[in-house]
Amino acid sequence: PPPAIMVPTNATVSPGVNVILTCIVASTVRFNLTWQRGDVDARLDHRMRVTANLSLEIQRVTPDDVGWYTCIAANEGGVSSSRVYLNVQ
């Protein structure tokens, strides 16, 4: 089967801090995980990186970072995705 994805919570942070967006993936076989903002790979932004546990870290958050982020997990059984919303106050 395709991976099962759960996003625990949306995130609200203050400008200038670092935030970690989490996507929990359950899969019976090896899977690949990517993060997107809109239709663009989030790693193209130099302030964003995927951590060792596959969360997305955004450094020095700005109001421009507000919006939906999608984690996409794929294995031999298919593709699943889920979204998390980042709010900056």
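Values in this document were obtained by computation on a predicted structure and should not be read as measured data.

1. A closer look at the nonpolar core
Core analysis: the biggest nonpolar cluster contains 20 residues, and Val-19, Leu-21, Trp-35, Leu-56, Ile-58, Tyr-69 and Leu-86 have the highest contact counts within it. Listing elements by their share of this core, those giving two or more residues are strand E2 (11-13), strand E3 (19-21), strand E5 (32-37), strand E8 (56-58), strand E9 (67-75) and strand E10 (78-88). Apart from residues lying up to four places away in sequence, Leu-21 is in contact with Ala-11, Trp-35, Ser-55, Leu-56, Ile-58, Tyr-69, Val-84 and Leu-86.

2. Some remarks on the pattern of salt bridges
Side chains that differ in charge, positive against negative, can pair when their charged atoms come close. Enumeration over the complete set of coordinates arrives at four salt bridges. Taking the shortest distance from any N to any O, the salt bridge between Arg-43 and Asp-41 comes out at 2.8 Å. Look at Arg-43 and you get partly exposed, because its relative accessible area is 45%. Of the charged contacts in the structure, one is a salt bridge between Asp-65 and Arg-47, with a shortest N-O distance of 2.7 Å. With Asp-65 in the loop between E8 and E9 and Arg-47 in the loop between strand E6 (40-41) and strand E7 (48-50), this residue pair connects regions lying 18 residues apart in the sequence. Judged by relative accessible area, which is 12%, Arg-47 ranks as buried. It is possible to trace a salt-bridge network through shared partners that takes in Asp-45, Arg-47 and Asp-65.

3. Structural notes on the UniProt feature "domain: Ig-like" (unreviewed entry) in the protein
According to UniProt, the "domain: Ig-like" (unreviewed entry) feature falls on residues 2-87. Its end C-alpha atoms 29 Å apart, residues 2-87 is made of 0% helix and 52% strand.

4. With respect to unusual backbone geometry
Positive phi, normally seen in glycine, also occurs at Leu-54, with a value near 75°. With respect to the helices and strands, the residue Leu-54 is situated in the loop between E7 and E8. Residue Leu-54 is classed as partly exposed on the basis of its relative accessible area, which comes to 27%. Phi at Arg-60 is positive, roughly 50°, even though this residue is not glycine. Inspection of the secondary structure puts Arg-60 in the loop between E8 and E9.

5. Some details on the packing of aromatic side chains
The tally for this structure, following the rule as stated, stands at one aromatic pair. Pairing Trp-68 with Tyr-85 gives two aromatic rings, centres 5.0 Å apart and planes at 70°, and the pair type is edge-to-face. Of this pair, Trp-68 sits in strand E9 while Tyr-85 sits in strand E10, and the two are 17 residues apart along the sequence. According to the relative accessible area criterion, Trp-68 is partly exposed, its value standing at 38%.

Conventions adopted
Residue positions are given per chain, counting from 1 as you read along its sequence in written order. Totals for whole chains, interfaces and linings use all residues, but because this is a predicted model, local features are given only for residues with pLDDT of at least 70 and pairs of side-chain atoms are given and counted only at 80 or more. Note that the side-chain values use all heavy atoms of the structure and ignore hydrogens as well as water. Definition used in this section: a nonpolar core is a set of buried Ala, Val, Leu, Ile, Met, Phe, Trp, Tyr and Cys residues joined via side-chain atoms within 4.5 Å. Exposure is judged per residue with a 1.4 Å probe applied to protein chains only, and the accessible area is read against the type maximum: over 50% gives exposed, under 20% gives buried, and values in between give partly exposed. Secondary structure elements follow DSSP: runs of H or I of four or more residues count as helices, runs of E of two or more count as strands, with numbering from the N terminus. Whether two residues are in contact is decided by their heavy atoms, any of which lying within 4.5 Å being enough. By definition here, a salt bridge exists when the distance from a side-chain nitrogen of Lys or Arg to a carboxyl oxygen of Asp or Glu is within 4 Å. UniProt positions are given in the numbering used here, feature names are shortened, and annotations may be inferred rather than shown by experiment. Each Phe, Tyr or Trp ring, with Trp reduced to its six-membered ring, pairs with another whose centre is within 6.5 Å; inter-plane angles below 30 degrees give stacked pairs, above 60 give edge-to-face pairs, and intermediate values give tilted ones.

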